[in-house]
Structures are given as structure tokens and as C-alpha cells.
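# Observations on the three-dimensional arrangement
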Amino acid sequence: MHEERLRQEFNEWAGAGRGASMERGHRPTGEQAIEFMSLAPDSRVLDLGCGNGWASRLIAAQVLEGKVIGIDVSDEMIALSQSETVALANVEFRVASAEALPFADGEFTHAFSMESIYYYGDMARALTEVRRVICPGGRFVAVVDLYQENKQSLQWVELLNVPVQALSIAQYHELFSAAGFLQVEDRRLLDPAPPPAEYTGTSFGSLAEFLEYREQGSLMISGRVA
């Protein structure tokens, strides 16, 4: 039921053109997280909750001897990803759930998640699955804007039409470690763009709220596989 609600919601987002707006909002910090992954030309990367596929395409351009697979529970987002990806032969997209990944043990060297893991109904199970499909020496990097220490982000819990998990940084550390990841670390990623003089979006009630949210930054959590 939870996954079906997610599928329906993100199908609506795809139809409304929100894939492009999510890319604009997430890409400034997403690019920093991808750089942190230190990808090699032959890296094999899983992009969890790929949306319209922007991160998968960015990664694929860096791993021309490797491969990228983007997954999403939304079939409409996957269709959008496929339609917008025509020039890269080393990337593909599939409808799949992070809680039951259709991949072999150790199939990937890296996994990446941009603004998706707090939607998982069973995050512990999903992280265990992600850990399973990453080979020894590999790394998982996840970025979230919704977390307890960023107080202004918590208003999204009521605004979103699907359940989300608003966890603390310590709780993310505990979940990553419990799933078997080692060297778990976190850092804040800041949008390098100058702050606006006025706020015209709908996610916050005022410019002051938006600026406070931006000052906290996106939270990046990463862990290695032994």
C-alpha cells in the first residue's frame, strides 16, 4: 500500500512536469555528492529514486566504461527518464523498489540516492538491500534535505501527500551501521548560488524560512562496504 501511494504520487509529479523542477532544486548539491563518490571510468552505479534521470545521466557521462542503472517506483518517472536519455548507451532505467532490489549481490561499485530514502516505508530493509548489491570496497552516498536538524524542512511532513521519515543525523548513522556499512560519515552540502532577494516558491511561508533552510544545507550520509 505504501509503495502504491508513492507510485501514484510521483506519477502525478511526472505528469505535472515536476521532474525538471526537482532537477533544478537538487542538482547544485547533488553534483557535490557525486563528486564525493570519486567515480572511476569503469564504476557500476545504482541510482535510487532516479526521478527524471538527471543524476543517472550525469554519472553515466563520467563512467563511460562502466554502467548506471536508475530505478524508481514511479513508472511515469521511468518513462520520462527513458525519453530524455538518448545519447548514452551505458545507462538504463527500471521500475523497482529499493526494498527488493532486482540485482545480484555485489553488482555495483557505488549507489547514489538524491532525496529518496526518507520515502522508504522500511528504510532498514532498503539499506540492507543497498548494502547487499554493493561490492566490497564500494560506497553508498545519500543526500536528504528533510532531516530533524533542519527545522524548516520539517513542515514538509504535513505538506507532502505521502508518509515520510524525518530522522536525525544520529538516527541515519545508526541505520547505516545496522545495515552493515562501515566508516559512516555525514557532512552538509550548501547550494553555491547567491541567496534570492525574495522568495516566490511554495515550500516555505517566507523568505526568512527559506534562508534558514538553506543555511542548514543538504545532509549527505555515506558508508563503505568492507
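Whatever comes next refers back to the structure up there.
Because the structure is predicted, anything quoted here is derived from the model rather than measured.

Definitions and limits used
Residues numbered from 1 in each chain as written. Predicted model: local features only at pLDDT ≥ 70, side-chain atom pairs only at ≥ 80, totals over all residues. Heavy atoms only, no water. Helix = DSSP H or I, 4+ residues; strand = E, 2+ residues; numbered from the N terminus. Buried < 20%, exposed > 50% of the residue type's maximum accessible area, 1.4 Å probe, protein only. Contact = heavy atoms within 4.5 Å. Expected span 1.5 Å × (residues − 1). Bend = angle between axes of the 7 residues up to and from the residue. Pairing = 2+ DSSP bridges. Axes fitted to C-alpha atoms, helices over the stretch in contact; angles between N-to-C directions.

A word on the side chain of Glu129. Structurally, Glu129 is set in helix H5 (residues 123–133). By relative accessible area, which is 15% here, Glu129 ends up buried. When residues no more than four places from it in sequence are discounted, the contact partners of Glu129 are Ala98, Glu99, Ala100 and Leu101.

So, about helix H1 (residues 2–15). In this model, H1 (14 residues) spans 20 Å end to end at C-alpha, consistent with the 20 Å of a helix rising 1.5 Å per residue. Along H1, the residues that are buried comprise Leu6, Glu9, Phe10, Asn11, Trp13 and Ala14. Backbone geometry just downstream of H1 places Gly17 in the positive-phi region, at approximately 80°.

This part is about helix H2 (residues 18–36). Between its terminal C-alpha atoms H2 stretches 26 Å, which fits the 27 Å expected from 19 residues at 1.5 Å a residue. Within H2, the axis deviates most sharply at Arg27, by approximately 55°, and proline Pro28 lies no more than four positions further along. Gly19, Met22, Glu23, His26, Thr29, Gly30, Ala33, Ile34 and Phe36 are the residues of H2 that are buried. Note on H2: the residue one or two positions beyond its end, Ser38, has a positive phi of about 55°.

Here we take up the environment of Ala226. Inspection of the secondary structure assignment puts Ala226 in the segment after strand E7 (218–224). Taking the C-alpha atoms as reference points, Ala226 and Gly138, 88 residues apart in sequence, are found 7.8 Å from one another. Discounting chain neighbours no more than four positions away, the residues touching Ala226 are Pro136, Gly137 and Leu182.

Strand order in the open sheet formed by seven strands is E3-E2-E1-E4-E5-E7-E6, with mixed pairing between adjacent strands. Single-partner strands in this sheet number two, and they are strand E3 (91–95) and strand E6 (182–189). For this sheet, the mean inter-axis angle between neighbouring strands, taken without regard to orientation, is 15°. Strand direction decides the pairing type here: strand E5 (residues 134–144) and E7, joined by six bridges, are antiparallel. Bridge pairing in E7 places Arg139 opposite Arg224. Contacts from H2 reach strand E4 (108–114), E5, E6 and E7 within the one sheet, and its direction differs from that of E4 by about 160°.

Before going further, it helps to examine unusual backbone geometry. Unlike most non-glycine residues, Ser38 shows phi in positive territory, near 55°. If you trace the backbone, Ser38 turns up in the loop between H2 and strand E1 (44–48). Unlike most non-glycine residues, Glu115 shows phi in positive territory, near 60°. With respect to the helices and strands, Glu115 occurs in the loop between E4 and H5. By relative accessible area, which is 7% here, Glu115 ends up buried.

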